[in-house]
Amino acid sequence: MAFIVIVTYLAKMKNLQRNTIIILAALIVICMVSRILFIGHYLEGWDSIDFALGLHDYDIAYYQPHFPGYPVYMFLCWLVHLFTDNDTVALIIPGAVLGSAVLAPLFYLAKRMFSEKIALLTSFIYIVNPLCWLQSEKALSDAVGLFFVILSSQLLFYASTSRTYALRYLISGSVILGICLGVRLSYFPFFILWLYVLYALSKSNGRKRAIGYGVFGFVAGISIWLIPLACYTGFKSLMVNGFSFAFGHFSDWGGSVVTSQNIVSRFSDFIWCVFCNGLGFWCYDTSLFRVLPSIIMVIGILLFLRHTKFDSKTRFITFYMAPYFLWVFFGQNLEKPRHVLPLIPLIIIIVSAGLARLRDSKYSYSSPGFSRYKYSLPYHLFIGILIVSMCIISIRLVYAHKKEPVAQIQLLDYVENNYNGPSTRIYCWETKRFFAYYAPLWDARRARNIDDLQYDIGASLVTPEIILSTSKVDGIDSIVGRSSTVVKFNNNRYINNPYHKLTLYRLRNLGIKELKNEGIFKSINP
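Predicted, not measured: the structure shown is a model, and the values here were computed from it. (Residues numbered from 1 in each chain as written. Predicted model: local features only at pLDDT ≥ 70, side-chain atom pairs only at ≥ 80, totals over all residues. Heavy atoms only, no water.)

Take the overall build of the chain next. A tally of helices and strands in the chain yields 21 helices and 5 strands. Classification of the 526 residues of the chain by burial places 52% in the buried group. Entry remark: accessible area of the chain is about 24800 Å², with carbon and sulfur atoms responsible for 64%. (Helix = DSSP H or I, 4+ residues; strand = E, 2+ residues; numbered from the N terminus. Buried < 20%, exposed > 50% of the residue type's maximum accessible area, 1.4 Å probe, protein only. Areas by Shrake-Rupley, 256 points an atom, 1.4 Å probe, with all protein chains shown as cover.)

Structure, rendered in structure tokens:
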């Protein structure tokens with residue numbers, strides 16, 4: 001009799017597990033289809049152009065792509081490129097596929113931390129999250145890197161909470177984390193999470209050897225991409241480019257705290273990146289339609305913080321989020337919200353767990369005169385409003401991303417259609433990369449500020465008939481009487497923020513002569 005009961009129980013558990021796998025597989029397919037339907041047609045930034053150029057001529061020294069070369073991501077893109085000649089598609093497909101596959105490790109991570117219901121809610125919110133959806137549509141490595149981060153985190157959490165297969169989970173998670181750094185080296189703060197797991201395991205009796213296995217797995221994961229990369233580029237060249245890039249990133253153009261003028265403004269930008277861009281919160285330049293889902297998510301976060309205990313899962317979440325939080329705030333460019341992407345899935349888990357508290361509290365305070373069904377209505381209403389509204393917000397963004405070119409592409413098309421290439425020169429900053437890729441025959445030159453522009457004009461033996469400049473050349477709008485505004489371009493800053501506004505200027509003939517004379521003087525007396 002007992003045997004029959006055990007067999008029946010195991011059969012039910014097996015059916016439940018099978019149903020869970022079917023539901024999860026269906027969600028992944030739905031997520032993947034939604035991503036592929038809205039794939040963009042254009043490359044939209046310096047990094048995207050770097051990746052596209054790297055598909056044809058991989059060279060870190062020429063920023064094709066820039067250090068560290070993103071070898072794992074580029075390898076996946078090369079595989080796709082074997083089946084298509086479209087660079088944009090080849091660069092987006094890995095992110096669309098793996099950005100959807102994130103659901104599997106995210107689901108099992110949330111399930112292990114809390115419950116299957118919370119894991120399902122986490123999956124639904126992730127699918128319709130605006131930043132996670134949008135980044136899966138772009139020719140960038142962030143969505144691919146997110147897959148490896150979440151997969152590694154799931155395995156490491158299993159290692160820290162498992163009694164039987166801890167060593168296997170640790171080795172697997174360490175290898176995946178090592179590979180992750182070959183997708184995006186900027187995800188190195190998760191090394192702190194790895195150290196925490198090693199420390200937690202080292203305290204257990206008989207698991208001291210886990211440290212050795214963990215280190216072995218991590219080194220093996222890094223070696224998978226670092227050894228081939230060093231052999232291809234040369235170790236010395238790799239180190240030189242690495243030091244040069246790191247110096248420029250932290251001291252010049254990288255957007256770190258070193259180059260920021262106002263720490264308060266930086267904090268404001270960080271809040272905007274995480275909440276308004278990352279989670280879809282309301283902001284002054286968005287629709288009031290975002291207010292209600294914002295309130296619901298805030299309720300979820302507050303309920304989680306109110307009821308949480310500093311147990312193993314809370315410590316894990318803390319060691320996951322805190323190091324990366326600090327790295328993004330102090331070391332990354334907050335004009336690019338995609339840098340906060342790894343924080344979003346864990347915040348979604350927190351929101352889901354908090355909203356589940358709302359349901360549980362309804363049940364706990366119910367009286368015999370009221371059914372649980374009646375008390376669960378507000379909870380289900382909140383969840384329905386949140387998912388439907390976030391879906392609408394995200395579809396609007398990804399549809400606009402698919403149909404409307406970003407400001408830099410608009411500018412490039414305008415210049416090509418309204419000016420004659422041989423008689424025109426354009427000064428710009430990052431937009432120079434767009435001309436190099438889409439219109440390589442045009443005379444496009446990089447100028448960071450008006451001094452660079454003056455110097456270049458003064459040093460030129462031949463001055464073209466028409467000289468244009470973008471608003472990203474600092475000081476160009478201050479030349480009163482020497483330049484005139486031609487046209488302004490813009491796109492939704494929640495789709496592409498750094499260049500969401502761009503103005504094209506044309507230098508007047510008198511202004512060109514004056515700038516040339518000033519430039520000649522500067523070239524003689526630097």
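Next comes the rest of the write-up.
In the contact formed by helix H3 (residues 71-81) and helix H4 (residues 87-101), the axes pass within 8 Å of each other and the chain directions differ by 115 degrees. Both H3 and H4 take part in a crossing whose hand is right-handed. Contacts between H3 and H4 involve Tyr73, Leu76, Cys77, Val80 and His81 from the first element and Asp87, Val89, Ala90, Leu91, Ile93, Pro94 and Leu98 from the second. (Axes fitted to C-alpha atoms, helices over the stretch in contact; angles between N-to-C directions. Left-handed = near helix turned anticlockwise from the far one by under 90°. Contact = heavy atoms within 4.5 Å.)

Time to look at the pattern of salt bridges. Counting across every chain of the model gives 12 salt bridges. For the salt bridge of Lys138 with Glu44, the shortest nitrogen-to-oxygen distance reads 3.1 Å. One end of the pair, Lys138, is in the loop between helix H7 (130-135) and helix H8 (142-161); the other, Glu44, is in the loop between helix H1 (2-37) and helix H2 (46-56), and 94 residues separate them in sequence. Overall, the relative accessible area of 7% leaves Lys138 in the buried class. (Salt bridge = Lys/Arg side-chain N within 4 Å of Asp/Glu carboxyl O.)

So, about unusual backbone geometry. Omega for the peptide link from Gln64 to Pro65 comes to -5 degrees, which places this bond in the cis form. Considering the arrangement of structural elements, one finds Pro65 in the loop between H2 and H3. Residue Pro68 is reached from Phe67 by a cis peptide bond, and omega for that bond is 10 degrees. Mapped onto the secondary structure, Pro68 falls in the loop between H2 and H3. We note that Tyr63 has phi near 55 degrees; this positive angle belongs to a residue other than glycine. One can find Tyr63 in the loop between H2 and H3. Judged by relative accessible area, Tyr63 falls into the partly exposed class, the value being 27%.

Here we take up helix H10 (residues 190-202). Between its first and last C-alpha, H10 extends 19 Å over 13 residues, near the 18 Å set by a 1.5 Å rise per residue. Every buried residue of H10 is accounted for by Phe190, Leu193, Trp194, Tyr196, Val197, Leu198, Leu201 and Ser202. (Expected span 1.5 Å × (residues − 1).)

To continue, consider the environment of Ser312. Along the chain, Ser312 turns up in helix H15 (residues 312-331). According to the relative accessible area criterion, Ser312 is partly exposed, its value standing at 35%. Non-local contacts of Ser312, meaning those with residues more than four positions away in its chain, are made with Phe157, Thr161 and Tyr196.

Turning next to the nonpolar core. Tyr73, Leu91, Tyr126, Phe148, Val340, Val415 and Phe435 are the most contacted members of the largest nonpolar core, which has 141 residues in total. Ignoring sequence-local partners within four residues, the contact set of Tyr126 consists of Cys31, Arg35, Gly99, Val102, Leu103, Leu106, Cys132, Leu146 and Ile348. (Core = buried A, V, L, I, M, F, W, Y, C linked by side-chain atoms within 4.5 Å.)

Turning our attention to the packing of helix H11 (residues 209-233) against helix H12 (residues 235-251). Put simply, H11 and H12 touch, their axes get as near as 6 Å, and they point 100 degrees apart. Regarding the angle of H11 to H12, the classification is roughly perpendicular. The segment H11 lies against H12, with Leu226, Leu229, Ala230 and Thr233 engaging Phe235, Ser237 and Leu238. A class-by-class count of the residues in the contact of H11 with H12 yields 5 nonpolar, 2 polar and no charged. (Parallel < 35°, antiparallel > 145°, perpendicular 65-115°, else oblique. Nonpolar A, V, L, I, M, F, W, Y, C, P; charged D, E, K, R; others polar.)

The full count for this structure, using the stated rule, is 30 aromatic pairs. With a centroid separation of 5.3 Å and 80 degrees between ring planes, the pair formed by Phe147 and Phe148 is classed as edge-to-face. You'll find Phe147 and Phe148 in the same group, each marked buried. A centroid spacing of 5.0 Å and a plane angle of 70 degrees characterise the contact between Phe157 and Phe316, whose relative ring orientation is edge-to-face. With Phe157 in helix H8 and Phe316 in helix H15, the pair connects residues that are 159 residues apart, well separated along the chain. Each of the two residues, Phe157 as well as Phe316, counts as buried. Chaining the aromatic ring pairs together yields one cluster made of Phe267, Phe270, Phe325, Phe329 and Phe330. For the cation-ring pair, Arg112 lies above Tyr158, with the distance from its terminal atom to the ring centre recorded as 4.2 Å. Directly above the aromatic system of Tyr187 lies the positively charged group of Arg184, at a separation of 5.6 Å from the ring centroid. (Phe/Tyr/Trp six-rings, centres within 6.5 Å; stacked < 30°, edge-to-face > 60°. Lys NZ or Arg CZ within 6 Å of the ring centre and 35° of its normal.)

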